[in-house]
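Residue-level structure breakdown
One letter stands for each residue in the lines below.
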Amino acid sequence: MSATVDALLPLSFLEAVRHVDAPEEDVDAELVSDLRNKRLGLSDTVYMQIRRFTDAVKRRQRTSHDEAVGLARLIGRRPDAEAVFRAAGRYLAREAYQSISPFTRRLLLILPSLFTRPMTLRHARRLAARYFNGRVSRIGASIYLEVTRSVTIDTAPRSVGCTYYEAGLKELLRLMVNSVGGVEHVRCGTRGEGTCTWRAEWRPTKAE
Ligand SMILES: [Zn+2]
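Remember, predicted model here, so these are calculated numbers, not experimental data.

**Quick look at the nonpolar core**
Formed by 51 residues in total, the largest nonpolar core has its most connected members in Ala88 and Tyr165. Put simply, the parts of the chain that give this core at least two residues each are α1 (8-21), α3 (44-58), α4 (65-76), α5 (81-97), α7 (113-131), β4 (142-147), α8 (163-177) and β6 (196-201). Among the elements that make up this core, the one with the highest residue count is α5 (nine residues). Setting aside residues up to four positions removed in sequence, Ala88 forms contacts with Ser12, Phe13, Ala16 and Tyr164.

Have a look at this one:
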């Protein structure tokens, strides 16, 4: 069987494109239709694809890895590719986070991290495996995300595509434990270092 990704992953690309390309509110209708022709994010094709992937998400279906790569390539050609990839990574993290029950989400945020760390890690592992096709591990005060089969690798110049996962990991830890630590891309497939790996500082800050 060919490789698959969670339908939320391609949906995150399309939602980010739609968000970035949305016109300012006071732009008149004529200009919008003019923009539609120029901007990918406003085209009917994108709306149709968003509907298709949204349905797939509801049915918990997985979709084609290659199709997701195709969408990443379209983003990679844009001059604002990094901004779109980052927005998409944050979208994926936010949606993935919503799959944790509200009660658990609250616990993770308010209890001392000493108690919640194993639970946080377990959820982070599950979300990373399902939505990012990645593996999460912890060494000391660092959280690692390793993605063996990146959807965005080589879809943009240099390692711009990798900012998708970087932004996703950062947002996920911010939501889960209000972590304010930085994320570093410690190993990259585009540099011939095998798989792509990111390291996040585990710096939870608790709500008052
Ligand atoms: Zn990379």
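Still more to cover.
**Regarding the confidence of the model for the protein chain**
Put simply, the protein chain has an average pLDDT of 89, and 88% of its residues get 70 or more. Predicted confidence in the protein chain is weakest over helix α2 (residues 29-38), with a mean pLDDT of 58, and strongest over α5, with 97.

**Quick notes on unusual backbone geometry**
Look at Arg60: it is not a glycine, yet its phi comes out positive at around 55°. Along the chain, the position of Arg60 falls in the loop between α3 and β2 (62-64). Although it is not a glycine, Asn133 sits at a positive phi angle of roughly 50°. Its location among the elements puts Asn133 in the loop between α7 and β3 (135-139). For Asn133, a count of 20 C-beta atoms within 10 Å gives the class buried.

**Focus on α1**
With 14 residues, α1 ought to run about 20 Å at 1.5 Å a step, and its terminal C-alpha atoms sit 19 Å apart, in line with that. Counting buried positions over the 14 residues of α1 gives 10, a clear majority of the element. Three or more residues of α1 are buried, namely Leu8, Leu9, Pro10, Leu11, Ser12, Phe13, Leu14, Glu15, Ala16 and Val17. As for α1, its buried residues are in contact with β1 (4-6), α3, β2, α4, α5 and α7.

The rules behind each value
Residues numbered from 1 in each chain as written. Predicted model: local features only at pLDDT ≥ 70, side-chain atom pairs only at ≥ 80, totals over all residues. Core = buried A, V, L, I, M, F, W, Y, C linked by C-beta atoms within 7 Å. Buried ≥ 20, exposed ≤ 12 C-beta atoms within 10 Å, placed from the backbone. Helix = DSSP H or I, 4+ residues; strand = E, 2+ residues; numbered from the N terminus. Contact = placed C-beta atoms within 7 Å. pLDDT = per-residue confidence, 0-100. Expected span 1.5 Å × (residues − 1).

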